[in-house]
Amino acid sequence: MPTSDNPPFPAALRLFSVVVIIVLIVGAGLFFAPVLVKPRWPWAVTPFNARFLGGFYTAEMVMMVALLVWNRWSPGRLVLVMAFIFTVIVSVASFINLGYFNFERKAPWLWFLVYLASVAVSGLFLWRTRARPSAKGVILNPAWRGYMPVESAILGLYGVGLLLFPLTFSGFWPWPIDAFHAQVYSAIFLAGAGGVYLVWRSAPREELLVLGLAQFLVGLLAILGLVITDAAVHRIDWTATGTLRWLALFGWIGISGVFKLCAASRFLARNRHRLRRRLDF
């Protein structure tokens, strides 16, 4: 049974979700099967960049699965806003760095087609629902109300730094990052900043749950990917100040996700009968 404050999306959005999930499965392969996926990627990626990208695409895939399952304004609003921010920035970074792509291959053409289509579809759905208020949210305690705008600001400022001054703001990363990859990675932080801001303004339970899970996976898989990759190549100085700062950054992102998951679990446990009405399997 649909609720008035959390209506379902059109069935066409589910088709879009399925297509995006299929694409993201390929991206997640950079983490789980890099030997198979790296030769087919639109540009050359180093082992560390491959694992890092694959970890993020895995987290994004989980978010799109949530949109496919619920297919409602909440968590759809959160997923579409973050997807729109991410795909716009990555598209811009790709156009700025066309020299990384060999257009004699099919993969770069598919890359631009998928990203521009995603920008158009997510932007269209957000535009058509621009006047719709958020679904009814939980009341965040004062600590959360104070913390989340700070979290959003830190993610946003670092994302802007990576986008505008990529080599400077990626200089402490454990492995060498070129300008193109730093600008692509800026989209992760800016999308995260947008998602945290939305949940801070209004925190529907589903959005708190999905955002927490995404942040947990981004932090966990980034660190796990670094460990797995370095086990094979042994290039990371684990005592270096830059490495410790990087580990602290992604550890913080992952822990922030865990706290959001815990908060969502408490709210969901208290309101299971209401949540059951909002599910749209």
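Structure report, in brief. (Residues numbered from 1 in each chain as written. Predicted model: local features only at pLDDT ≥ 70, side-chain atom pairs only at ≥ 80, totals over all residues. Heavy atoms only, no water.)

1. Description of the packing of aromatic side chains
- The tally for this structure, following the rule as stated, stands at 39 aromatic pairs.
- For the ring pair Trp43 and Trp111, a centre distance of 4.9 Å and an interplane angle of 90° mean the geometry is edge-to-face. Taken as a pair, Trp43 in the loop between helix H2 (34–37) and helix H3 (47–70) and Trp111 in helix H5 (residues 106–128) lie far apart in primary sequence, 68 residues in all. For the pair shown, Trp43 and Trp111 are each scored as buried. (Phe/Tyr/Trp six-rings, centres within 6.5 Å; stacked < 30°, edge-to-face > 60°. Helix = DSSP H or I, 4+ residues; strand = E, 2+ residues; numbered from the N terminus. Buried < 20%, exposed > 50% of the residue type's maximum accessible area, 1.4 Å probe, protein only.)

2. Quick notes on the side chain of Asn6
- Position of Asn6 relative to the elements: it lies in the segment before helix H1 (11–32).
- Polar contacts involving the side chain of Asn6 include one to the main-chain amide nitrogen of Trp73, which spans 3.3 Å.
- A distance of 2.7 Å separates a polar side-chain atom of Asn6 from the backbone nitrogen of Ser74. (Polar contact = N/O pair within 3.5 Å; in protein donor to acceptor, adjacent residues only side chain to side chain.)

3. Structural notes on helix H9 (residues 205–233)
- Under the 1.5 Å per step criterion, the end-to-end length of H9 is 42 Å for 29 residues, consistent within 8% with the ideal 42 Å.
- His234 occupies a position one or two residues after H9 and carries a positive phi of about 55°. (Expected span 1.5 Å × (residues − 1).)

4. Re the layout of surface pockets
- In this structure, the largest pocket spans a volume of roughly 440 Å³.
- Along the wall of the largest pocket there are 18 residues; nearest its centre are Val23, Val26, Trp41, Trp111 and Val114.
- Elements that contribute at least two residues to the lining of the largest pocket include exactly H1, H3, helix H4 (73–96) and H5.
- Top element by residues in the lining of the largest pocket is H5. It accounts for six residues.
- Across the lining of the largest pocket, the residue classes tally to 13 nonpolar, three polar and two charged. (1 Å grid on protein atoms, 1.4 Å probe; cavity = no way out; pocket = protein on both sides within 12 Å on 5 of 7 lines; lining within 4 Å. Points joined across faces, edges and corners; volume = space filled by probe spheres on them. Nonpolar A, V, L, I, M, F, W, Y, C, P; charged D, E, K, R; others polar.)

In short, geometric facts, not functional conclusions.
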